[in-house]
Amino acid sequence: MWGCPSTTPAERERALHDARGWVGWYDDPPDLVALTAGHHRLHHAARQLGAVRLSRLPRVHEAVGRAVLGQLVQGIEARRSTAQLAAAIGWPATGDLWCWPTPTQTAQTPAYAMRRCGISLRCAIALHASALDDTQLERVRADAVALDRRLRPLPGVGVGTSAETRLALGG
């Protein structure tokens, strides 16, 4: 088993719960074959794929960060910036993998350091704002409407970023 020996049973259970959500364990997949019956190609693909499960991120801060970084640039650039930010201010997981930075780490990182990761000033401001409001965002994460109301006033977070965040959280 990998991890710190001093990890409490409650922390281990939380990590397992989050990991199950990450792999789609809690999804209630609809009958995709029945849903696509009116479209020949989708119906054929659904029969081949079977049940589809979607991943969800365990923390609002990471969901906002990934949504912010993915909104204004192409996918490859967004993934590169995400990886560079995690390596610059996150913490090592195992091998070449890095964990997403905590809200505290993000809030303490100056914008110029994020710019070195290919992140625009607008995105850096949005990341800072979401990091500073993380406690409140986590409180309303289960209520999509309340989460949207809390996200939209943040600088650099609009309709699309809010929607992407809620989708990444499984909502």
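A. Fine view of the side chain of T109. With respect to the helices and strands, T109 occurs in the loop between α6 (103–108) and α7 (111–115). Among the polar contacts listed, one links the side chain of T109 to the backbone oxygen of Q105, at a separation of 2.6 Å. With residues near it in sequence (within four places) discarded, T109 still touches I89, M114 and H128.

B. Layout of helix α1 (residues 9–22). Compared with an ideal rise of 1.5 Å per residue, which puts 14 residues at 20 Å, α1 spans 20 Å between its outermost C-alpha atoms and is within 8% of the ideal. Trailing α1 by a residue or two, G24 shows a phi angle of about 85°, which is positive.

C. Looking closely at a nonpolar patch on the surface. A grouping of W22, V23, W25 and Y26 is seen on the molecular surface, where their side chains present a nonpolar patch of about 500 Å² in accessible area. By the secondary structure assignment, W22 is in helix α1. Residue class for W22 comes out exposed when judged on its relative accessible area of 51%.

D. Focus on the pattern of salt bridges. Taken as a whole and assessed by the stated rule, the structure comprises six salt bridges. Residue R150 pairs with D133 through a salt bridge whose shortest N-O separation is 2.8 Å. Taken together, the residues R150 in helix α10 (residues 144–151) and D133 in the loop between α8 (121–132) and α9 (134–139) connect sequence positions 17 residues apart. Residue classification places D133 among the buried positions, given a relative accessible area of 13%. Here D148 and R152 are joined by a salt bridge, their closest N and O atoms 3.6 Å apart.

Reading the values: the criteria
Residues numbered from 1 in each chain as written. Predicted model: local features only at pLDDT ≥ 70, side-chain atom pairs only at ≥ 80, totals over all residues. Heavy atoms only, no water. Helix = DSSP H or I, 4+ residues; strand = E, 2+ residues; numbered from the N terminus. Polar contact = N/O pair within 3.5 Å; in protein donor to acceptor, adjacent residues only side chain to side chain. Contact = heavy atoms within 4.5 Å. Expected span 1.5 Å × (residues − 1). Patch = residues over 30% accessible without salt bridge, like charges linked within 9 Å, V, L, I, M, F, W, Y side chains within 5 Å. Areas by Shrake-Rupley, 256 points an atom, 1.4 Å probe, with all protein chains shown as cover. Salt bridge = Lys/Arg side-chain N within 4 Å of Asp/Glu carboxyl O. Buried < 20%, exposed > 50% of the residue type's maximum accessible area, 1.4 Å probe, protein only.

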